[in-house]
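What follows is each chain in one-letter form.
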Amino acid sequence: MYTDTARCVRAVQSKDARFDGWFFTAVRTTGIYCRPSCPAVPPKVENMTFLPSAAACQQSGYRACKRCRPDTSPGSPEWNARADAVARAMRLIQDGVVDREGVPGLAAKLGYSARQVERQLNAELGAGPLALARAQRAQTARLLIETSELPMGDIAFAAGFSSIRTFNDTVREVFALAPSELRTRAEKGPKQDQVPGTISLRLPFRTPLNPDNLFGHLAATAVPGVEEWRAGAYRRTLRLPYGTGVVALTPQPDHIGCQLALTDLRDLTIAISRCRRLLDLDADPEAVDELLSADPLLAPLVAKAPGRRVPRTVDAEEFAVRAVLGQQVSTAAARTHAARLVSAHGERVTDPDPEGGLTHLFPSSQALAELDPQALALPRSRRSTLTTLVSALADGSLPLGIDSDWDTARARLAALPGFGPWTTEIIAMRALGDPDAFIPADLGIRRAAKGLGLPSTPAALTARAAHWRPWRAYAVQYLWATEDHAINVLPA
């Protein structure tokens, strides 16, 4: 979008928050860059230039605006709607792969040479993988400086910097303030409730956001010991590259409250990225709802409760296992099967909240590969499906993750015994993040379709749903919402 100068100028002059994260405004005369909704007086048109990423702005010598804080804007929705190499690279960078494995590790996961990855990212984002990772480190550092009392040295290494000097230089260059000055400014602002041993922050999103089906779904399907809804927040355990964590996510009108307790602070960036992905916070609800509202049968559903998101997952492999456990059974039965697996094979953790009920991590595929199939209280065919899936995940023959190519992953899933269209598509929707995944054979979808006057047979409904592309996964959320089910209700 940043190449459409006239459209960008209109967005800046109207301070339209819908475009935050789509592009950034760099002001030549002041040397700063802003989000489109910056509250300051818009600069003259001839002084504005538009860039596709914060990293591109920083690489061009601009510093972040102190008023609108462009580093805290939602991410670009493009990376959720695409599965090409650039989108997969961006998802991996957000997940901290460059910090952990370097550019060669990023290139290896994508199946390209490091030079090719560098070229593609520079062409589309105006910055290479190192610059993009550096911008993310700067944002993480700012979060820790402003929301914790950690010493600056600990913050530097937790944010991914190789030295304190690099940390200091980067913070000064990006924010035009020393780290100690950032902390002093934060101390003068309004205070957030801080639980000892946790990091509290706000996760921004593009409005509107309807929390009912998003948090309702997560709460209704929560696996005991791994997830819970308590005190107005969805809480769960996290398996992270350097350690473990517990997160509490609370819906608010203009943000999602996030409290993280981590055993290793180097996991902060990754944990934030996975929480944003879980709640689909980088979606563009205006684009989704505009297209779906063009269908006269869906329009009333969208108008009644706009801004529905797709509840996703923090771990694609975990969700694949849970999808198999949920085949042809009720939500309650699926939770029971998953809870048994967790109790028998999950790794124990300590809940930082003494009143909390989180006790385990969901078992890894390696741990589940050692289970005795006969111990599973499942039909024989379902046991075979689960053990085959777990073996494929454990030996790497079925890679599932944020870097997966959606079509390739679908083909590999469909080749496994016991994997029909419903299981494959629900994994594509919630684990892989494909916004166009569609499950016409789902019983709830068929009932909703019949009630609305849509075709109820899978083939006919799929043909009718062609008009909803590329947002069919969001259409599923609106159709599910017609049912009187716990997944559609925000818990009390």
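Up top is the structure.
About the cut-offs
- Residues numbered from 1 in each chain as written.
- Predicted model: local features only at pLDDT ≥ 70, side-chain atom pairs only at ≥ 80, totals over all residues.
- Heavy atoms only, no water.
- Helix = DSSP H or I, 4+ residues; strand = E, 2+ residues; numbered from the N terminus.
- Rg over C-alpha atoms; globule rule 2.2 N^0.38 Å.
- Buried < 20%, exposed > 50% of the residue type's maximum accessible area, 1.4 Å probe, protein only.
- Contact = heavy atoms within 4.5 Å.
- Areas by Shrake-Rupley, 256 points an atom, 1.4 Å probe, with all protein chains shown as cover.
- Lys, Arg positive; Asp, Glu negative; His and termini not counted.
- Charge placed at Lys NZ, Arg CZ, Asp CG, Glu CD.
- Phe/Tyr/Trp six-rings, centres within 6.5 Å; stacked < 30°, edge-to-face > 60°.
- Lys NZ or Arg CZ within 6 Å of the ring centre and 35° of its normal.
- Salt bridge = Lys/Arg side-chain N within 4 Å of Asp/Glu carboxyl O.
- Core = buried A, V, L, I, M, F, W, Y, C linked by side-chain atoms within 4.5 Å.
- Polar contact = N/O pair within 3.5 Å; in protein donor to acceptor, adjacent residues only side chain to side chain.
- Pairing = 2+ DSSP bridges.
- Axes fitted to C-alpha atoms, helices over the stretch in contact; angles between N-to-C directions.
- Parallel < 35°, antiparallel > 145°, perpendicular 65-115°, else oblique.
- Nonpolar A, V, L, I, M, F, W, Y, C, P; charged D, E, K, R; others polar.

(A) The overall build of the protein chain, seen in detail. From N to C terminus, the protein chain includes 23 helices and nine strands. Relative to a compact globule of 492 residues, whose C-alpha radius of gyration would be 23 Å, the protein chain shows 23 Å and is just as compact. When burial is assessed residue by residue, the protein chain has 55% of its 492 residues classed as buried. Put simply, 67% of the contacts in the protein chain that link residues at least 6 apart link residues at least 24 apart. Accessible surface for the protein chain amounts to roughly 20500 Å². Of this, 52% is attributable to carbon and sulfur atoms. Within the protein chain, one finds 57 positive and 52 negative side-chain charges whose respective centroids are separated by 2 Å.

(B) Focus on the packing of aromatic side chains. Throughout the structure, instances matching the rule amount to six aromatic pairs. With a centroid separation of 6.0 Å and an interplanar angle of 70°, the aromatic rings of F215 and W229 are classed as edge-to-face. Of this pair, F215 sits in helix α11 (residues 211–220) while W229 sits in strand β6 (residues 227–230), and the two are 14 residues apart along the sequence. Residues F215 and W229 agree in their burial class; the two are buried. The residue whose ring lies beneath R137 is F161, and the NZ or CZ to ring-centre distance is 5.6 Å.

(C) Quick look at the pattern of salt bridges. Counted by the stated rule, this structure contains 31 salt bridges. Between R69 and E146 there is a salt bridge whose closest N-O contact spans 2.9 Å. You can see R69 sitting in the loop between β4 (63–64) and α3 (78–81) and its partner E146 sitting in helix α7 (residues 129–147), a full 77 residues away along the chain. The partly exposed category is assigned to R69, whose relative accessible area is 24%.

(D) Seen up close, the nonpolar core. Core analysis: the biggest nonpolar cluster contains 63 residues, and L292, V321, L386, L389, L400, I427 and W468 have the highest contact counts within it. The contacts of L292, once residues within four sequence positions are left out, are L298, A299, V302, W468, W471, Y474, A475 and Y478. Residues C57, A64, L177 and A219 belong to the second largest nonpolar core, which totals 53 residues.

(E) Representation of helix α15 (residues 316–325) in the model. Where burial is concerned, most of α15 is hidden: nine out of the 10 residues are buried. Of the positions making up α15, those classed as buried are A316, E318, F319, A320, V321, R322, A323, V324 and L325. As for α15, its buried residues are in contact with β6, β7 (233–239), α16 (331–345), α17 (365–368), α18 (380–394) and α20 (421–432). Capping of α15 at its N-terminal end is provided by D315; its side-chain oxygen lies 3.0 Å from the backbone amide nitrogen of E317.

(F) Examining the sheet that holds strand β5 (residues 199–203) more closely. The five strands are arranged β5-β9-β8-β7-β6 in an open sheet whose pairing can be described as antiparallel. The open sheet is flanked by β5 and β6, the only strands paired with a single partner. Taken over all neighbouring pairs, the strand axes of this sheet differ in orientation by 25° on average, direction set aside.

(G) Region of the structure containing unusual backbone geometry. In this model, T207 is joined to P208 through a cis peptide bond whose omega is -5°. Inspection of the secondary structure puts P208 in the loop between β5 and α11. Residues R469 and P470 are joined by a peptide bond in cis, for which omega reads 10°. Its location among the elements puts P470 in the loop between α22 (458–464) and α23 (472–480). The phi dihedral of R69 is positive, around 45°, even though this residue is not glycine. Positive phi values are uncommon outside glycine, yet A231 reaches one of about 55°. One can find A231 in the loop between β6 and β7. Look at A231 and you get exposed, because its relative accessible area is 73%.

(H) Highlighting the packing of helix α4 (residues 85–94) against helix α6 (residues 114–125). Two numbers describe how α4 lies on α6: the axes approach to 10 Å, and their chain directions differ by 95°. Of the possible angle classes, the one that applies to α4 and α6 is roughly perpendicular. Packed against α4, whose contacting residues are A85, V86, A89, M90 and I93, the element α6 presents Q120, L121, E124 and L125 at the interface. Here the contact of α4 with α6 is composed, by residue class, of seven nonpolar, one polar and one charged.

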